[in-house]
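Per-entry structural report
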Amino acid sequence: MATTPFSRCIMILLLLAILPLFPKAQEQILPFENSHFDTIEGFSVHYRTWNGDLEKPAGKVFFVHGFAGSTICFRNLYDTLASLGYTVVAADIPGAGYSSRSLDFNQSHSHRARFLWKLLDRIDDEGRYDHNDRNDRDDRDNRGNAGNDGNGGNDGNGSWILVGHSMGGGAAEAMAILHPEQTKGLLLIAGTIFRKTNNMNRNTMFMMRQKQVKKFMVSYADRNLLTYKRFYKLLKSAYGRLPDSTEVMRYLIPLETEGSAEALINIYVNNREKETLDARTLTEVPVMAIWGTKDKWVSLRTSRINFGVFPKFELVKIKGAGHMPMETHVQQFIPPFLEFLTGR
């Protein structure tokens, strides 16, 4: 049927009238002012930066959180480091914080380490921190060793101080083993320290992979772990004191993301090590461990057995602190931390 100019005009006006009824594409909401998102190996990763535009920073520090944590774990340290001229990066490991909840992400120490080096390598190579939601460029990231282009990172401004808390300590240690030439120092805060990367108990992994067992564990975690009451108790145990409501909600809000319960269980399901890393190769990297004397989560007494594997090792004990001294005992934590950063 032929249309007249008048009828075409009416159709255009009708289309313009109904366009507002169609939903607009939502812009990604940034959790923090200094938040960034990128895609590595197909997984969305959230990270935060401080002093990213400094040409000659005092140093570069990278933070890796522990189980059910996020970048919020180190919130009491960022401003101090930034004021002293350090470039700081903190990332949410996929499965936690505001990063992807994909169950395909391998949660082993070795894979986490390679993944995080790819992130740091990309940040360094692409003008660092003035970007969000870049297109995935995994073809470049899949170079043999992420960030090892022959120049290494041996100069002070090119190397990183790697800081890992609790389970994140294992990832930070693995990062140092993979690229000692890019690691200026390794700081473990009540960290999971290993001599060699090994899979978890095979029987445990087998049981957790069973469909009905996994379904039960996810349901249990969703109902009993990711609640205010339960997280209050967890933080009370980790802090060694009563947490306030703000502290509890800082942890809970990211975990309200759909799929969080299954992602937490997935840490114990999809964690098969793809390569063996040996801590005895860390002959030149300085290592410091900071531990609370009242840590009930990662016992200092049982962890001591692995301290001897590091040739350049120093232990700092914070009296009365629990599992999270960087949150609860900031005044006692910062002095040895800064001494380690400056190499004094």
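This write-up is about the structure you can find in this document.

Rules of the game
- Residues numbered from 1 in each chain as written.
- Predicted model: local features only at pLDDT ≥ 70, side-chain atom pairs only at ≥ 80, totals over all residues.
- Heavy atoms only, no water.
- Pairing = 2+ DSSP bridges.
- Helix = DSSP H or I, 4+ residues; strand = E, 2+ residues; numbered from the N terminus.
- Axes fitted to C-alpha atoms, helices over the stretch in contact; angles between N-to-C directions.
- Parallel < 35°, antiparallel > 145°, perpendicular 65-115°, else oblique.
- Left-handed = near helix turned anticlockwise from the far one by under 90°.
- Contact = heavy atoms within 4.5 Å.
- Nonpolar A, V, L, I, M, F, W, Y, C, P; charged D, E, K, R; others polar.
- Expected span 1.5 Å × (residues − 1).
- Buried < 20%, exposed > 50% of the residue type's maximum accessible area, 1.4 Å probe, protein only.
- Core = buried A, V, L, I, M, F, W, Y, C linked by side-chain atoms within 4.5 Å.
- Patch = residues over 30% accessible without salt bridge, like charges linked within 9 Å, V, L, I, M, F, W, Y side chains within 5 Å.
- Areas by Shrake-Rupley, 256 points an atom, 1.4 Å probe, with all protein chains shown as cover.
- Salt bridge = Lys/Arg side-chain N within 4 Å of Asp/Glu carboxyl O.
- Lys, Arg positive; Asp, Glu negative; His and termini not counted.
- Charge placed at Lys NZ, Arg CZ, Asp CG, Glu CD.
- Right-handed = clockwise from strand over helix to strand, strands pointing away.

Thoughts on the sheet that holds strand β1 (residues 35–40)
The mixed open sheet is built from eight strands, whose spatial order is β1-β2-β4-β3-β5-β6-β7-β8. Two strands in the sheet have a free side with no partner beyond their single neighbour: β1 and β8 (313–318). Pairwise comparison of adjacent strand axes, ignoring direction, gives a mean angle of 20° for this sheet. Of the pairings in the sheet, the one linking strand β5 (residues 160–165) to strand β6 (residues 183–189) comprises six bridges and is parallel in character.

Here we look at the packing of helix α2 (residues 75–83) against helix α13 (residues 330–342)
It is the contact of α2 with α13, at a shortest axis distance of 11 Å, that shows an interaxial angle of 45°. The angle between α2 and α13 falls in the class oblique. Note on packing geometry: the crossing formed by α2 with α13 is right-handed. Here α2 contributes Asn76, Leu77, Thr80 and Leu81 to the contact with α13, which in turn contributes Val330, Phe333, Ile334, Phe337, Leu338 and Leu341. By residue class, the composition of the contact of α2 with α13 is eight nonpolar, two polar and no charged.

What about α13?
Here α13 is 13 residues long and its end C-alpha atoms lie 18 Å apart, about the 18 Å a rise of 1.5 Å per residue gives. By the burial criterion, the buried members of α13 are Val330, Phe333, Ile334, Pro336, Phe337, Phe340 and Leu341. Within two residues after α13, Gly343 carries a phi angle of roughly 75°, on the positive side.

Structural notes on the nonpolar core
Of all hydrophobic cores here, the largest spans 45 residues; its most connected members are Phe63, Phe74, Val163, Leu187, Phe231, Phe333 and Phe337. In terms of residues, this core owes the most to one element, α13, which gives six residues. Aside from chain neighbours lying at most four places away, what touches Val163 is Val61, Phe62, Phe63, Val64, Phe74, Ala172, Leu187, Ile189 and Phe337. The next biggest cluster of nonpolar side chains, apart from the first, holds 43 residues, and it includes Tyr47, Leu119, Ala172 and Ala279.

Observations concerning a positive patch on the surface
There is a patch of like positive charges on the surface, built from Lys229, Arg230, Lys233, Lys236, Lys294, Lys296 and Lys319. Residue placement: Lys229 occurs in helix α8 (residues 228–239).

Focus on the pattern of salt bridges
Charged atoms that come close allow side chains of opposite charge to pair. Using the criterion set out here, one finds eight salt bridges in the structure. Where Glu41 meets Lys118, a salt bridge forms, and the shortest distance between an N and an O atom there is 2.9 Å. Taken together, the residues span a long stretch of sequence, with Glu41 in the loop between β1 and β2 (43–50) and Lys118 in helix α3 (residues 109–125) at a distance of 77 residues.

As for the pairing of strand β4 (residues 86–91)
In terms of burial, β4 is largely enclosed, as six of its six residues are buried. Neither face of β4 is open: one carries Tyr86, Val88 and Ala90, the other Thr87, Val89 and Ala91, and all of them are buried. Where β2 meets β4, four bridges bridge the pair, whose relative direction is antiparallel. Across the sheet, residue Thr49 finds its bridge partner in β4, namely Val89. Of the strand pairs in this sheet, strand β3 (residues 59–64) and β4 are connected by six bridges, and their pairing is parallel. The partner of Phe63 across the bridge, within β4, is Ala90. Traced from β3 through α2 to β4, the parallel crossover comes out right-handed.

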